[in-house]
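# Structure assessment
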Amino acid sequence: DDSDAALRLPMRPLGGTGLKVSVLGFGASPLGGTFGAIDEAAGIDAVHHAFRRGINFFDTSPYYGLTKSETVLGRALRDLPRSEVVLSTKVGRYGVDQRDFDFSAKRVTASVAESLERLQVSYIDVIQCHDIEFGDLEQIVHETLPALAALRSQGLIRHVGITGLPLEAFRYVLDRAPPGSVDVVLSYCHYCLNDTTLLGSLPYFRAKGVGIINASPLSMGLLTKGGPPDWHPASPQLRTAAAAAAAHAAARGWDISSLGLGFSLRQPDVSSTLVGMFTRETVDENINTALRALGSTEVAADEAQVLAEVADILAPVRDLTWPSG
Ligand code: NAD
């Protein structure tokens, strides 16, 4: 397994947290069955395999599989050295309905205690307000963040983040939150082959000194051979264009996921790119993609050519997103 240990994944600093995270992070939402039923033992093996091959960053939420992802990840983490793992989970989102969001101080405080238990750890490295656009942003600023700051002073959590789809929601909170109360931003589906709108916010985030995590580089399954799950919010037009891009890449000898992940990983301002994974094979595939993409400073001519062709196919749907919150 460790024959390729010399080829380690690069690490990047996570903003001003002092943490260093692997450029490729393990998105644990599939461990909760978000993308279809999974074999729990295989999922735990995937986490162990990822750690052995240099992934140190693992992200989950009580929402994924309605606590199942945290429980399965917790079982896997028991066998790993805690201080060498950067663990992030979330508060505030517990289901799909508006009423399943609760960013009150009382709920998020209880939520952290529940997550610590399910994850079987004594502290969480990064706790994130999950999908803030569904909450009241004034409450996030004036109630949720202070509650999390209190948990930080008790040592239960180390750093605080915010996640969501609309990039303006991050600005709203970061413009109003006291300095030092938000350390990390997790954006998703905004730095991938079909949508690069995150670029417009990078200078602002840099100025704020927050660490930047890019999640869903495969746009939650749009940029895969098999296509997205039924619940995917993309319009039929976007789905059709992504499928055409995948078919074209395949005809040119490329897997759209490898092409897409390589593209996302080359963005140096992103500390870690989180991909959803649940098997050893996918972990290997994505680590190999990362090593290939970051192994040389220039994109090989044949890859650049296919990337340009795929960009043409995706041009009519470029930066198209969907409503959230
Ligand atoms: P993703 O873009 O990483 O896509 C995941 C899907 O792609 C899964 O079906 C997975 O099996 C498949 N896949 C992964 N590697 C593949 C490969 N090499 N070939 C073919 N298919 C492959 O989307 P995601 O899982 O939604 O995002 C990654 C992680 O980011 C999540 O698990 C979660 O931890 C985090 N995230 C957080 C938020 C938030 O906080 N609001 C939102 C989205 C994602």
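Description of the structure in this document. Remember, predicted model here, so these are calculated numbers, not experimental data. (Residues numbered from 1 in each chain as written. Predicted model: local features only at pLDDT ≥ 70, side-chain atom pairs only at ≥ 80, totals over all residues.)

## A closer look at the overall build of the protein
Helices and strands together make up the secondary structure of the protein, namely ten helices and ten strands. Taking 2.2 N^0.38 as the reference for a compact globule, 325 residues should give roughly 20 Å; the C-alpha atoms of the protein span a radius of gyration of 19 Å, in line with that estimate. Overall size of the protein, expressed as C-alpha extent along the three principal axes, is 55 × 45 × 35 Å. In the protein, buried positions account for 48% of the 325 residues. (Helix = DSSP H or I, 4+ residues; strand = E, 2+ residues; numbered from the N terminus. Rg over C-alpha atoms; globule rule 2.2 N^0.38 Å. Buried ≥ 20, exposed ≤ 12 C-beta atoms within 10 Å, placed from the backbone.)

## Some points on the site of the ligand
Of all residues adjacent to the ligand, which total 27 residues, the nearest are Gly27, Ser29, Ala215, Leu218 and Gly276. Elements with a contribution of two residues or more to the shell around the ligand: β8 (184–188), β10 (272–276) and α9 (280–295). Of the residues contributing to the shell around the ligand, the split by class is twelve nonpolar, twelve polar and three charged. (Near = placed C-beta within 6 Å. Nonpolar A, V, L, I, M, F, W, Y, C, P; charged D, E, K, R; others polar.)

## Looking at the packing of helix α2 (residues 68–77) against helix α3 (residues 105–119)
Running from N to C, α2 and α3 point in directions that differ by 50 degrees, and their axes come no closer than 7 Å. With respect to each other, α2 and α3 are oriented oblique. Of α3, the residues touching α2 (which contributes Glu70, Thr71, Leu73, Gly74 and Leu77) are Ser115, Arg118 and Leu119. Per-class residue counts for the contact of α2 with α3 are three nonpolar, three polar and two charged. (Axes fitted to C-alpha atoms, helices over the stretch in contact; angles between N-to-C directions. Parallel < 35°, antiparallel > 145°, perpendicular 65-115°, else oblique. Contact = placed C-beta atoms within 7 Å.)

## Here we look at helix α4 (residues 137–153)
What sets the pattern is the α-helix's 3.6 residues per turn: residues three or four places apart point alike. Helix length check: α4 (17 residues) gives 23 Å between terminal C-alpha atoms against 24 Å at 1.5 Å per residue, within 8%. Of all bends in α4, the biggest is about 30 degrees, found at Thr144, and the proline Pro146 comes one to four residues later. Buried within α4 we find Leu137, Ile140, Val141, Thr144, Leu145, Leu148 and Leu151. Where α4 is buried, its residues meet α3, β6 (124–129), β7 (157–164) and α5 (167–176). A positive phi of about 85 degrees marks Gly155, the residue just after α4. (Expected span 1.5 Å × (residues − 1). Bend = angle between axes of the 7 residues up to and from the residue.)

## Details of the sheet that holds β6
Backbone-to-backbone hydrogen bonds pair the strands of a sheet. The strands run either parallel or antiparallel. Taken together, eight strands build a closed barrel; the order of strands is β3-β4-β5-β6-β7-β8-β9-β10 and the barrel is parallel. Going across the sheet, the axis of each strand differs from the next one's by a mean of 30 degrees, ignoring polarity. In terms of strand pairing, strand β4 (residues 57–59) meets strand β5 (residues 86–91) through three bridges, oriented parallel. The residue of β5 that forms the bridge with Phe58 is Leu87. Here α5 sits on the sheet in contact with β7 and β8, set at roughly 135 degrees to β7. (Pairing = 2+ DSSP bridges.)

## Some points on the pairing of β7
Most of β7 sits inside the fold, with seven of its eight residues counted as buried. Sheet topology places β6 next to β7; five bridges connect them, and they run parallel. Residue pairing for β7: Cys129 is matched across the bridge by Ile162. In the sheet, β7 pairs with β8 via four bridges, with the strands oriented parallel. Note on β8: the bridge partner recorded for Gly161 is Val184. As a crossover connection, the stretch from β7 through α5 into β8 is right-handed. (Right-handed = clockwise from strand over helix to strand, strands pointing away.)

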